[in-house]
Number of protein chains: 2
Amino acid sequence: MNPTIKDVAQKANVSIATVSRVLHNLGGYSDKTKQKVDRTIKELKYQPNAIARGLINKRTQTIGVLFPDVSSAFSSELLHGIDEFVHNHNYSVVVCNTDQDGKRTLKYLQLLREKQVDGILFSSEVLKKEYYDLLEDMRVPVVLISSQTDFPNMPYVKIDDFQAAYDAVDYMVTKGHRRIAMISGTKGDPIAGTPRIEGYRKALEAHGIAFNSRYLFYGDFMYESGGRAMKSILQKAPEVTAVFAASDEMAIGALSTATQHGLNVPEDISIMGYDDLRLARMVNPPLTTVRQPLHDIGMIASGKLIDMIESGEIAQSQICAHSIVERQTVRNIT
Amino acid sequence: MNPTIKDVAQKANVSIATVSRVLHNLGGYSDKTKQKVDRTIKELKYQPNAIARGLINKRTQTIGVLFPDVSSAFSSELLHGIDEFVHNHNYSVVVCNTDQDGKRTLKYLQLLREKQVDGILFSSEVLKKEYYDLLEDMRVPVVLISSQTDFPNMPYVKIDDFQAAYDAVDYMVTKGHRRIAMISGTKGDPIAGTPRIEGYRKALEAHGIAFNSRYLFYGDFMYESGGRAMKSILQKAPEVTAVFAASDEMAIGALSTATQHGLNVPEDISIMGYDDLRLARMVNPPLTTVRQPLHDIGMIASGKLIDMIESGEIAQSQICAHSIVERQTVRNIT
DNA sequence: CCCATTTAAGTAAACGTTTACGTTACCCTG
DNA sequence: CAGGGTAACGTAAACGTTTACTTAAATGGG
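About the cut-offs
Residue indices follow the written sequence of each chain, beginning from 1 at its first position. The order in which chains are written sets their letters, starting at A; the order in which ligands are written sets their numbers, starting at 1. For a predicted model such as this one, the threshold for reporting local features is a pLDDT of at least 70, and the threshold for listing and counting side-chain atom pairs is 80 or more; totals across whole chains, interfaces and linings nevertheless cover every residue. In this description a helix means any DSSP run of H or I spanning at least four residues, a strand means any run of E spanning at least two, and both kinds are numbered starting from the N terminus. Using C-alpha atoms as the atom set, the radius of gyration is obtained and then compared with a globule rule of 2.2 Å times the number of residues to the power 0.38. Note on burial: count the other C-beta atoms lying within 10 Å of the residue's C-beta; 20 or more is buried, 12 or fewer is exposed, in between is partly exposed, and C-beta positions come from the backbone. Once C-beta atoms are placed from the backbone, any two residues with those atoms within 7 Å are in contact. The nonpolar class holds Ala, Val, Leu, Ile, Met, Phe, Trp, Tyr, Cys and Pro. Asp, Glu, Lys and Arg form the charged class, and all remaining residues, Gly among them, are polar. In this analysis, strands are considered paired if DSSP registers two or more bridges between them. A residue counts as near a molecule or strand when its C-beta atom, positioned from the backbone, falls within 6 Å of it. UniProt positions are given in the numbering used here, feature names are shortened, and annotations may be inferred rather than shown by experiment. By convention in this section, buried Ala, Val, Leu, Ile, Met, Phe, Trp, Tyr and Cys residues joined through C-beta atoms within 7 Å make up a nonpolar core. Call a crossover right-handed when, viewed with both strands pointing away from you, the route from the first strand across the helix to the second goes clockwise. Inter-axis angles, ranging from 0 to 180 degrees, are taken between N-to-C directions of lines fitted to C-alpha atoms, where helices are fitted over the stretch in contact. The labels follow the angle: roughly parallel below 35 degrees, roughly antiparallel above 145, roughly perpendicular from 65 to 115, and oblique for the rest.

The name given to chain A in an unreviewed UniProt entry is Transcriptional regulator, LacI family, and the organism recorded there is Paenibacillus typhae.

Here it is in structure tokens:
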């Protein structure tokens, strides 16, 4: 239906090869033929077919991105960075929402393989052996985002979760808090769970405050779980003056139930989040939190992936800088 | 590198055609050969190449989705619905972030054309003639999301913006409010701008309240603009008892600056939003708003698009039901 | 037991490119 | 002016499938 390179060749009275050559500025044709070919391309409104091209040079200029939840603010800020970088480098991105479901993940990986994507960005989920094996089989570059692995051929880009949590808690104690609760993410999560708890614990200990397991609560990173955890805190540890949540969503959930229980933040209780999503600025009062530069992380990871695709070499992992952003949810009680 | 259908054929001692036939359950082979072929497929870990397949049957099983801003909560809730439906029907989605930039949009459209997507979802932006022409040229099905057009071959799925705004304002006056300001979206926006203003005006008039242009303020749907508008309201029309914002983000912006100015919501001023994003529930107090079922809209639009792709017929446009969700930002002052 | 029909395959063209290689025709050099 | 070199093309194979067409063998009916 659409005109092909063959149609152009016929109409311009040249061979297919010549058209292809002027299309790619490869030289080997006179100025006159270039003019002629260019003209008929315009006339026919010819558009190259990337599928045919992909078949022959085994490159689709497409990367696959896996998210546990595309609709989360976390994912969409990453996606924004990814999309920006990737499109500027003439790649496209196909997104997959794994729902944190192993079966779905495997299915999507298969799909991406069949579609011959040039590389894969794997975000915010731990890389199970099962996935790793399949990925190895696919022989495409992979970079991990906000995740980590020991496999040497899979670089990651993330922040230092231990240090970020450490800094957050350290910040709170310098503000005079000593009875600090933590709302952790999913129990046992080796990336966003344990290291942040360790950071919390070590920061406390560095200030001579004993770690108290009664002050440790678990959620699942989502808003609702933050509220539930806050309820528990209010019941079981009302003496707490500050709570550090392992995600902004949980922090905001905590914030909501705190105020619903008649507490003022930060006057009665301080709250600190983790991520610095856009909505951290939007809540009331604006949330003090530790910032992950998600947009940049998305761009950096895409850059590494494209490098790997085009150079064939494996990229270095990268730890991005985090920072504390002071807003209005932690009070100075010194 | 990866095994091809040819490798399978050789190893199984059959022809390529036979392998293809068992792959697609087309019949024309004995049980024994099926066994043999299936076995060698497993042995070789053969995966079909969707690119080659796409070249021949002119279907890529891929759709393109254009968003003005992928990182917005609005887009990502749509995307979630789209992704879910689309993947369940064996399509993939490639996302493009237009940034509301005409040049970028045109570039992405070109890209999607080269990549031979089977259809396009065009979201939340008005369909300029320029885009329409290109889209026509591409000869692929298109469905509009939260947008609208008179072109007959481009169905849309959205809610009734006029009626939704009408209902919101009507709700507020039944709560006793008569001096109601509106924070509209971008001035002149024919989809999410004018109709909502009209709904506001007509609802007022239906209750015998004269429309007062002093009560109409403009933003751009984003958080910050809601705050700015609220500041203006407080200065120029302090007698207002309620404000209706044309997006949740603006409503939340208004909410923030209102409380920063020492006002309590809803005691001192009522606020109502539009969209029912996830964050409407997360703010404090939870935002009363008019709900667009974004996840469903995404699914429905995807369904229509896939229908069009597979049937060749153009689908009907659809107006989805909206609803008022009462939370805690509008006070009854009767 | 022969011929017609069905079953189980194989052959090859086609999809739209890219690219290695071949073929002219022309120019320049010695 | 013979010969090599080069510029300007054209030819055709290849990428990995699908599928229309062909062929050979098996089956069945009279």
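**Q** Run through the overall build of chain A, naming residues and quoting values.
**A** When helices and strands are counted, chain A shows 13 helices and 12 strands. For 334 residues, the compact-globule estimate of 2.2 N^0.38 gives 20 Å, and the C-alpha radius of gyration of chain A, at 26 Å, exceeds that figure by more than 25%. In terms of its C-alpha atoms, chain A occupies a principal-axis envelope of roughly 85 × 40 × 30 Å. Expressed as a percentage of its 334 residues, the buried residues of chain A come to 50%. Expressed as a percentage of contacts within chain A between residues at least 6 apart in sequence, the contacts between residues at least 24 apart total 71%.

**Q** Which residues make up the interface of chain A and chain B, and what are the values?
**A** Contacts between chain A and chain B engage 41 residues on the former and 41 residues on the latter. For the side of chain A that touches chain B, the secondary-structure elements that each account for two or more residues are helix 4 (50-57), helix 5 (73-88), strand 2 (92-97), helix 6 (102-114), helix 11 (248-260) and helix 12 (278-282) of chain A. When the residues that make up the side of chain A that touches chain B are grouped by side-chain class, the tally is 19 nonpolar, 13 polar and 9 charged. Pairing analysis gives 3 bridges linking strand 2 of chain A to strand 2 (residues 92-97) of chain B, with the strands arranged antiparallel. Within the sheet, the bridge partner assigned to Val95 of chain A lies in strand 2 of chain B and is Val93 of chain B.

**Q** Give me the lowdown on the protein's contact with DNA strand C, citing residues and values where you can.
**A** Every one of the 26 residues lining DNA strand C counts as a neighbour, but Ile5 and Asn49 of chain A together with Ser15, Ala17 and Ser30 of chain B are closest to it. At the level of secondary structure, the elements contributing two or more residues to the surface near DNA strand C comprise helix 1 (5-12), helix 2 (16-23) and helix 4 of chain A together with helix 2 (16-23) and helix 4 (50-57) of chain B. Split into classes, the residues belonging to the surface near DNA strand C amount to 14 nonpolar, 9 polar and 3 charged.

**Q** Could you give an account of the protein's contact with DNA strand D, naming the residues involved and the relevant values?
**A** Near DNA strand D you find 26 residues, and of these Ser15, Ala17 and Ser30 of chain A together with Ile5 and Asn49 of chain B are the closest. Elements represented by at least two residues in the surface near DNA strand D include exactly helix 2 and helix 4 of chain A together with helix 1 (5-12), helix 2 and helix 4 of chain B. Residue classes in the surface near DNA strand D are distributed as 14 nonpolar, 9 polar and 3 charged.

**Q** Tell me about the UniProt feature "domain: HTH lacI-type" (unreviewed entry) in chain A, and please be specific about residues and values.
**A** In the numbering used here, UniProt assigns the feature "domain: HTH lacI-type" (unreviewed entry) to residues 3-57 of chain A. Spanning residues 3-57 of chain A, this segment combines 69% helix with 0% strand, and its end C-alpha atoms are found 21 Å apart.

**Q** Describe the nonpolar core, listing the residues and the values that go with them.
**A** Formed by 183 residues in total, the largest nonpolar core has its most connected members in Val243 of chain A together with Val243 of chain B. Ignoring any residue separated from it by four or fewer positions in sequence, one finds Val243 of chain A in contact with Ile180, Ala181, Met182, Ile183, Ile233, Ala254, Ile269 and Ile271 of chain A.

**Q** If you had to explain the pairing of strand 4 (residues 142-145) of chain B to someone new, which residues and values would you point to?
**A** Residue and element names in this part refer to chain B. Taking every second residue as pointing to the same face, both faces of strand 4 are buried, with Val142 and Leu144 on one and Val143 and Ile145 on the other. With 4 bridges joining them, strand 3 (residues 119-123) and strand 4 adopt parallel strand pairing. Note on strand 4: the bridge partner recorded for Phe122 is Leu144. Read from strand 3 through helix 7 (residues 129-138) to strand 4, the crossover connection turns out right-handed. The pairing of strand 4 with strand 5 (residues 156-159) spans 2 bridges and is parallel.

**Q** Explain the sheet that holds strand 9 (residues 270-275) of chain B to me, and be specific about the residues and the numbers.
**A** Residues and elements named next belong to chain B. Taken together, 6 strands build an open sheet; the order of strands is 7-6-8-9-10-12 and the sheet is mixed. Edge positions in the open sheet fall to strand 7 (216-218) and strand 12 (323-325), since each of these has one partner strand only. Mean inter-strand twist for the sheet, computed between neighbouring axes without regard to direction, equals 20 degrees. Relative to strand 10 (residues 288-291), strand 9 is paired through 4 bridges, and the arrangement is parallel. Residue pairing for strand 10: Asp275 is matched across the bridge by Arg291.

**Q** With reference to specific residues and values, describe unusual backbone geometry.
**A** Note that the residue after Val265 of chain A, namely Pro266 of chain A, is joined by a cis bond; omega there is 10 degrees. Among the structural elements, Pro266 of chain A can be located in the loop between helix 11 and strand 9 (270-275). The phi torsion at Asn25 of chain A lies on the positive side, around 55 degrees, for a residue other than glycine. Within the fold, Asn25 of chain A resides in the loop between helix 2 and helix 3 (31-44). You can call Asn25 of chain A exposed: it has 7 C-beta atoms within 10 Å. Even without being a glycine, Phe221 of chain B presents a positive backbone phi close to 80 degrees.

**Q** Give a description of the packing of helix 6 of chain A against helix 7 (residues 129-138) of chain A that names residues and reports values.
**A** Residue and element names in this part refer to chain A. At a closest axis distance of 11 Å, the pairing of helix 6 and helix 7 adopts a crossing angle of 5 degrees. The orientation of helix 6 with respect to helix 7, classified from their angle, is roughly parallel. Seen from helix 6, the contacting residues are Gly102, Thr105, Leu106, Leu109 and Arg113; seen from helix 7, they are Glu130, Tyr131, Leu134, Leu135 and Met138. Across the contact of helix 6 with helix 7, the residue classes tally to 6 nonpolar, 2 polar and 2 charged.

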